[in-house]
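# Observations on the model geometry
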Amino acid sequence: MHVLVIESSPNTDGLTAACARAALEGVQSAGGTAEDVRLKDLEIGSCNQCADGWGDCRPNHECGGVQDDFQALHQRAIAADALVLVTPVYWGDMSESMKNFTDRMRRCEASLGEESRLFGKPVLMVAAAGGGGGGMISCLTNMERWAHHVRALPFDFVGIKRITRAHKLETIRAAAEAMARYPG
Ligand SMILES: Cc1cc2nc3c(=O)[nH]c(=O)nc-3n(C[C@H](O)[C@H](O)[C@H](O)COP(=O)(O)O)c2cc1C
């Protein structure tokens, strides 16, 4: 199984990066292959809300309104067997770069219904919060809504914060390993 791990923190040595590393290790220990994508290394702008609110994304299932790194990453996500999305919790939600990517992918895929190119694709969703962890659950709720809209299979959800770091990194490793073996 080939897994795309998409992480969205500007910090290369923070909690989000540690979660992404744990996910990569989990996939590899199941014999799968994984690649890590840092959204902050890419240019992925926000949705342009073209035309009356629905642009090319509804009929063509691709974003024609903003030409940037979205289109290529969208295709890589479609090609992968499974996804891991790791975001820091910002304002009780996904970070802006993860929002941009998932918002635009949702517009392209949601109108396909069960023909969505993400239909049934297992996704492990991770929200990496700060000290108190307030807003971690609303962040995961929004990720769950996204998975529902694109008809992906929410394989698991993990909330992690500073004081739960050690055991939750183990959880992420185990979840990624189990996902890479799924449904075997
Ligand atoms: C703009 C901003 C908003 C944040 N909002 C929240 C929040 O709502 N809840 C929370 O627990 N932590 C919040 N944090 C803290 C980050 O989620 C936390 O530091 C996280 O571990 C960052 O991941 P990183 O170490 O990969 O950068 C916020 C941080 C920033 C920069």
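Everything below is about the structure shown above.
Presented here is an overview of the structure given in this document.

Procedures and definitions
- Residues numbered from 1 in each chain as written.
- Predicted model: local features only at pLDDT ≥ 70, side-chain atom pairs only at ≥ 80, totals over all residues.
- Heavy atoms only, no water.
- Pairing = 2+ DSSP bridges.
- Helix = DSSP H or I, 4+ residues; strand = E, 2+ residues; numbered from the N terminus.
- Right-handed = clockwise from strand over helix to strand, strands pointing away.
- Buried < 20%, exposed > 50% of the residue type's maximum accessible area, 1.4 Å probe, protein only.
- Lys, Arg positive; Asp, Glu negative; His and termini not counted.
- Salt bridge = Lys/Arg side-chain N within 4 Å of Asp/Glu carboxyl O.
- Contact = heavy atoms within 4.5 Å.
- Polar contact = N/O pair within 3.5 Å; in protein donor to acceptor, adjacent residues only side chain to side chain.

### Topic: the pairing of strand β2 (residues 33–38)
- The sheet contact formed by strand β1 (residues 2–7) and β2 spans 6 bridges and is parallel. Within β2, the position partnered with Val-3 by the bridge is Ala-34.
- For the segment spanning β1, helix α1 (residues 15–29) and β2, crossover handedness is right-handed.

### Remarks on the side chain of Lys-161
- Checked against the element boundaries, Lys-161 lands in the loop between β5 (153–160) and α6 (165–181).
- For the buried residue Lys-161, which engages in no salt bridge, the nearest side chain bearing the opposite charge is Asp-156, 17 Å off.
- Leave out the neighbours within four places in its chain, and Lys-161 touches Leu-15, Ala-129, Gly-130, Gly-131, Gly-132, Gly-133 and Met-136.

### Points about the environment of Arg-104
- Checked against the element boundaries, Arg-104 lands in helix α4 (residues 96–110).
- Excluding its chain neighbours within four sequence positions, the residues that come into contact with Arg-104 are Ile-44, Gly-45, Ser-46, Cys-47, Cys-63, Val-66, Asp-68, Phe-70 and Gln-71.
- Within the structure, Arg-104 has its side chain in polar contact with the backbone oxygen of Gly-45 (distance 2.9 Å).

### As for unusual backbone geometry
- The omega angle of the peptide bond from Tyr-182 to Pro-183 is 0°, so this bond is cis rather than trans.
- Mapped onto the elements, Pro-183 comes out in the segment after α6.
- In this structure, Gln-49 is a non-glycine residue whose phi angle is positive, near 50°.
- Tracing the chain through its elements places Gln-49 in the loop between β2 and α2 (57–60).
- By relative accessible area, Gln-49 is classed as exposed at 57%.
- At Trp-91, a position not held by glycine, the phi torsion is positive, near 55°.
- In this fold, Trp-91 is placed in the loop between β3 (82–88) and α4.
- Since its relative accessible area comes to 82%, Trp-91 is described here as exposed.

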